[in-house]
Amino acid sequence: MTTLLTYWTPPRFSAAASPLIGEAVTALCSTSAAGVDGVEPGSSVADQLHVVAQVLADLGADAEGRPRRPLPPLTEPAVLADQFTVLGHDLLAAGVVAEALDRLTDRLDALRAAL
């Protein structure tokens with residue numbers, strides 16, 4: 001997904017998210033990080049991807065045994081690709097359980113297909 005996002009232009013990030021994207025993000029939130037809600041319908045793709053980044057950050061915090069913290073909103077959505085790369089590496093380094101990583105991968109694959 002990171003590679004896909006590196007080629008996106010600002011209008012693509014600011015476009016309204018489709019219901020398929022919203023459903024993929026909601027599924028990711030409900031199965032991967034209790035307490036993270038999806039974004040309202042009609043939100044931008046960047047808003048939805050920010051929610052996904054928060055889920056990844058929360059999973060990393062949980063795996064490392066530290067408190068969850070909110071990710072600040074990005075002023076430049078194109079940075080999301082880099083943020084996903086860093087958060088993914090953090091998850092792997094934190095030693096997240098393989099079953100959780102498999103579930104997360106399935107949800108991220110669904111999100112990528114919706115994008």
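Look above for the structure.
## Some details on helix H4 (residues 45–64)
Consideration 1: Helix length check: H4 (20 residues) gives 29 Å between terminal C-alpha atoms against 28 Å at 1.5 Å per residue, within 8%.
Consideration 2: In terms of burial, H4 is largely enclosed, as 16 of its 20 residues are buried.
Consideration 3: One or two steps after H4, the chain reaches Gly65, where phi turns positive at roughly 70 degrees.

## Brief notes about the pattern of salt bridges
Consideration 1: In this structure the tally under the stated criterion is four salt bridges.
Consideration 2: Glu64 is paired through a salt bridge with Arg66; the nearest N and O atoms lie 2.4 Å apart.
Consideration 3: Classification of Glu64 by relative accessible area gives partly exposed; the value is 42%.
Consideration 4: Under the relative-accessibility criterion, Arg66 is labelled partly exposed at 35%.
Consideration 5: A salt bridge links Arg103 to Glu99; its shortest N-O distance comes to 3.8 Å. In this pair, Arg103 and Glu99 are both assigned in helix H6 (residues 98–114), four residues apart and thus about one turn of the helix distant.
Consideration 6: The partly exposed category is assigned to Arg103, whose relative accessible area is 33%.
Consideration 7: One continuous salt-bridge network, built from bridges that share partners, spans Asp58, Asp62 and Arg68.

## Digging into the environment of Ala24
Consideration 1: Mapped onto the elements, Ala24 comes out in helix H3 (residues 19–32).
Consideration 2: Residue classification places Ala24 among the buried residues on the basis of a relative accessible area of 9%.
Consideration 3: Considering only alpha carbons, one finds Ala24 and Arg107, 83 residues apart in sequence, at a separation of 6.8 Å.
Consideration 4: With residues up to four places along the chain from it excluded, the contact list for Ala24 reads Ala110, Leu111 and Ala114.

## Quick notes on the nonpolar core
Consideration 1: If you look at the biggest cluster of nonpolar residues, it comprises 30 residues, and the most contacted ones within it are Leu5, Ile21, Leu49, Leu111 and Leu115.
Consideration 2: Listing elements by their share of this core, those giving two or more residues are H3, H4, helix H5 (80–94) and H6.
Consideration 3: The leading source of residues in this core is H4, at ten residues.
Consideration 4: Not counting chain neighbours up to four residues away, the residues in contact with Ile21 comprise Val45, Gln48, Leu111, Ala114 and Leu115.

Thresholds applied
All residue numbers refer to position in the chain's written sequence, counted from 1. Residues qualify for local features only when their pLDDT is at least 70, as the model is predicted, and side-chain atom pairs are given and counted only at 80 or more; totals for whole chains, interfaces and linings, by contrast, use all residues. Computation of side-chain values: all heavy atoms of the structure, hydrogens and water removed. Counting from the N terminus, the helices are DSSP H or I runs at least four residues long and the strands are E runs at least two residues long. Under the convention used throughout, the expected extent of a helix is 1.5 Å for every residue step, that is, one less than its residue count. Classification of residues uses two cut-offs on accessible area relative to the type maximum, computed with a 1.4 Å probe and protein chains only: under 20% is buried, over 50% is exposed, and between them is partly exposed. A pairing counts as a salt bridge when a side-chain nitrogen of Lys or Arg comes within 4 Å of a carboxyl oxygen of Asp or Glu. The criterion used for residue contact is that any of the two residues' heavy atoms lie within 4.5 Å. To define a nonpolar core, start from buried Ala, Val, Leu, Ile, Met, Phe, Trp, Tyr and Cys residues and group those joined through side-chain atoms within 4.5 Å.

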